[in-house]
Amino acid sequence: MDMFKRVPIAVQDPKERVKNFDEVCLGYTAEEAMAEAKRCLQCKHKPCVGNCPVRIDIPRFIKAIADGEFEQAAHILAEYTALPAVCGRVCPQETQCEEKCVRGIKGEAVSIGKLERFAADWARENNIKVGKTKEKNGFKVAVIGSGPAGITCAGDLAKEGYDVTIFEALHEPGGVLVYGIPEFRLPKESVVKPEIENLKRLGVKIETDVVVGRTVTIDSLLNDEGFHAVFIGSGAGLPKFMGIPGENLNGVFSANEFLTRNNLMKAYREDYDTPIKVGKKVAVIGGGNVAMDAARTALRLGSDVTIVYRRTEKELPARVEEVHHAKEEGVKFEMLTNPVEIIGDENGWVKSIKCIRMELGEPDESGRRRPVPIEGSEFEMEVDTVIMALGTSPNPLIASTTEGLEVDKRGCIIVDENGQTTREGVFAGGDVVTGSATVILAMGAARTAAAGIDKYIKEKYGEKTEA
Amino acid sequence: MFEIVEKKFLAPNIVSMDILAPRVANSAKPGQFVIVVADEKGERVPLTICDYDTERGTVKIVIQTIGATTKKIAQLEKGDYLRDFVGPLGRPSDYVNEDLEEVKKRKYLFVAGGVGTAPVYPQAKWFKENGIDVDVIIGAKTKELIILEDKMREVAGNLYVCTDDGSYGFGGMVTAMIEELVENQGKKYDVIVAIGPMIMMKFVCLLTKKYGIKTIVSLNPIMVDGTGMCGACRVNVGGETKFACVDGPEFDGHLVDWDLALQRLAQYKKEEEELAKRGEEKV
């Protein structure tokens, strides 16, 4: 075996998978996982760990896999992360742990993400229960949102003995894992649902259909419902639009709408009632994971899809694997291109999109070279559907209905190093604090906030209370 | 799961249901709406709130059966459950948070079209409870589609009923009724609140603009989540894109781009027809 190369992983054939919504990557077998795990050099200085937002002891769990101790590997992961089966699938490993892998200097980095996924899947398939719960301490904590941040915070606090209730605005728990990330990347029944069930097993109560800021407020939770602290993990749900002419024409959708219809409402299935609209020729605007998800979903619904991105392939914020899969499946890319206007037909439906070519100029605040329009390079692309995948910002509903809760100029909630907001007893973490980011960063922030809540409550009320 | 504790037909295709949803009943204010999911495979459909009872913990909704989903909901009986009932959504009507003394200085006219009578009821009731008399017009195509007349009479100062075909009350559309009140009966109004089919609201606004009377409308565009997440409900108000679910549903009707709103309403027409056909095949 060539130790410089990764053990290849099985994937669904691109020609087949564009016709279904089943998971693309099929995962390692036990033998493959052990062989890949043996490629880990078990470096003493562990550079991979320093590049993981939740500091998973990566060499240690990989060693367990190499030794065939899969259950132990799952227990090691559980010390650091509540959602290894999810993160193994959706983390941008190539810019985190795998970027620093010493194997990667002369060859290919160890497939850390795929090994994490293997250990988590193996534990689930073999009914291994990870995570122990301490004795109940009688304190009540409300968690707003059931996405990665909410799940992590609720799980951590439940294990510490807290009585935790999650309030979810939508009718299914899971947040972006359910409404945003498609089935072909993150299976709902087999991967997401067990994570939710696991939370319930820890004693966490989940109330769906509760919109905090409307159905209840943070103040009513604290004052009338007896919660000792609140964690806000409501994410960044508000879609951005470009503000160009024609954006309200029929056939222009936010990626949020398109993906929510397909994923949460299961519009791709004949037996579900929610409709989805997708034309013959689709332009997806943006270059992140959400853009790839929207493009590959449209492809599976039978469309010819082009991704329009204003920088070059090198700057694409999406995971490398998603870009690779999108290309394999036949998604086209128009790089260094930016829409300037959407043009409609006489009935108000999209008929084309006017774009301008871009070139890269000086680096901007993010360190990436700023795209600048090339004068006179406008051209028209014939499309009948445009999907805007330009990022999202936090929903202002909670901040606007909670007095004393401060946000920054982007509408993100301000927190201190313990995750506490400007309101006492109210903590926050994840996209609602940072703006749209990754699952793993949200989990890291939620973990910090859970520790902050534990400290806050015990300092204020003592170790226990009569419930 | 949310229990249907009462159900009755208000007209052949309009049904009223009381839903046990204490959290929603406690928080609901005039102007707000709910989203309902009938069953596991159902879609999220926005519906207007007709009344709420904090003691019983119930919310009254009124549904006109126009598509597959509203038919599905209307077929449920007392004792059955709705899978989901989310709300109250949207901002309450402006006057709810205004200085009551200021509100009392204005003369309000409510214009309710068809099933739009349901969301007008809690508004008129709010005024009655605050000791303010408002005028209300209820309009429908024909007599049997006039709903909630008796309930409305209890809370309205003056109630005017009109039918397009003249089968009951004043003969003519709500716009003709407004003309009659303003031009012939010399009524003076400071604010008109119009709720009904989009096309009705558009024509009411065209008329009231002529009179220079401020007009508030409640928009009912296509929505998925109803919490600001999808942007399907975007409308152009005064040249700015707004989300009806979180910025509305009530807006200054003279600033709404009605043609765009009507055009967007038709976006899923084909798919809705297919769903309706599928529903009929099943039956």
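Structure's up top.
Just so we're clear, the structure is a prediction, and the values are computed from it rather than from any experiment. (Residues numbered from 1 in each chain as written. Chains lettered and ligands numbered in written order. Predicted model: local features only at pLDDT ≥ 70, side-chain atom pairs only at ≥ 80, totals over all residues. Heavy atoms only, no water.)

**Q** Explain the pairing of strand S10 (residues 158-163) of chain B to me, using residue names and the numbers behind them.
**A** All names here are of chain B. Counting buried residues along S10, five of its six residues qualify, which places the element largely inside the surrounding structure. Summarising the sheet, strand S9 (residues 135-140) and S10 pair through six bridges and their orientation is parallel. Residue pairing in the sheet places Asp135 in a bridge with Asn158 of S10. Pairing geometry for S10 and strand S11 (residues 170-171), over two bridges, is parallel. Opposite Thr163, over in S11, you have Gly171 as the bridge partner. (Buried < 20%, exposed > 50% of the residue type's maximum accessible area, 1.4 Å probe, protein only. Helix = DSSP H or I, 4+ residues; strand = E, 2+ residues; numbered from the N terminus. Pairing = 2+ DSSP bridges.)

**Q** Please give an account of the sheet that holds strand S5 (residues 205-207) of chain A that cites residues and values.
**A** Strand pairing in a sheet is mediated by backbone hydrogen bonds. Such pairs are either parallel or antiparallel. Residue and element names in this part refer to chain A. In space, the five strands of this open sheet follow the order S5-S4-S3-S6-S18, with parallel pairing throughout. Each end of this open sheet is capped by a strand with a single partner; those strands are S5 and strand S18 (426-428). If you compare each strand with its neighbour and ignore which way they point, the axes differ by 20 degrees on average. The strands touched by helix H9 (residues 148-159) are strand S3 (140-144), strand S4 (163-167) and strand S6 (229-232); relative to S4, the strand with the most contacts, the crossing angle is about 165 degrees. (Axes fitted to C-alpha atoms, helices over the stretch in contact; angles between N-to-C directions. Contact = heavy atoms within 4.5 Å.)

**Q** Account for the packing of helix H4 (residues 58-66) of chain A against helix H5 (residues 70-80) of chain A, with residues named and values stated.
**A** All names here are of chain A. The contact between H4 and H5 brings their axes to 7 Å, and the two run at 165 degrees. The angle between the axes of H4 and H5 places the two elements in the roughly antiparallel class. Handedness of the crossing formed by H4 with H5: left-handed. Contacts between H4 and H5 involve Arg60, Phe61, Ala64 and Ile65 from the first element and Phe70, Gln72, Ala73, Ile76, Leu77, Glu79 and Tyr80 from the second. (Parallel < 35°, antiparallel > 145°, perpendicular 65-115°, else oblique. Left-handed = near helix turned anticlockwise from the far one by under 90°.)

**Q** Any details on a nonpolar patch on the surface? Residues and values, ideally.
**A** On the surface, Ile199, Phe203 and Leu206 of chain B cluster together into a nonpolar patch covering about 290 Å² of accessible area. Mapping Ile199 of chain B onto the fold places it in helix H7 (residues 198-211). (Patch = residues over 30% accessible without salt bridge, like charges linked within 9 Å, V, L, I, M, F, W, Y side chains within 5 Å. Areas by Shrake-Rupley, 256 points an atom, 1.4 Å probe, with all protein chains shown as cover. Salt bridge = Lys/Arg side-chain N within 4 Å of Asp/Glu carboxyl O.)

**Q** Tell me what's going on with the environment of His254 of chain B, and back it up with residues and numbers.
**A** All names here are of chain B. Counting through the fold element by element, His254 comes out in the loop between strand S16 (250-252) and helix H9 (258-265). Filtering out sequence-adjacent residues up to four positions away, His254 remains in contact with Cys205, Thr208, Lys209, Ile213, Lys214 and Thr215. Within the structure, His254 has its side chain in polar contact with the side chain of Thr208 (distance 2.8 Å). (Polar contact = N/O pair within 3.5 Å; in protein donor to acceptor, adjacent residues only side chain to side chain.)

**Q** Got a sec to walk through H9 of chain A? Specific residues and values, please.
**A** Residue and element names in this part refer to chain A. Here H9 spans 17 Å end to end across 12 residues, near enough to the 16 Å set by a 1.5 Å rise per residue. With 11 of its 12 residues buried, H9 lies for the most part within the structure. When H9 is considered as a whole, its buried residues turn out to be Pro148, Ala149, Gly150, Ile151, Thr152, Cys153, Ala154, Gly155, Asp156, Leu157 and Ala158. At its buried positions, H9 is contacted by S3, S4, helix H10 (176-179), helix H11 (188-201), S6 and helix H18 (439-461). In the segment just after H9, Gly161 is the residue with positive phi, at about 105 degrees. (Expected span 1.5 Å × (residues − 1).)

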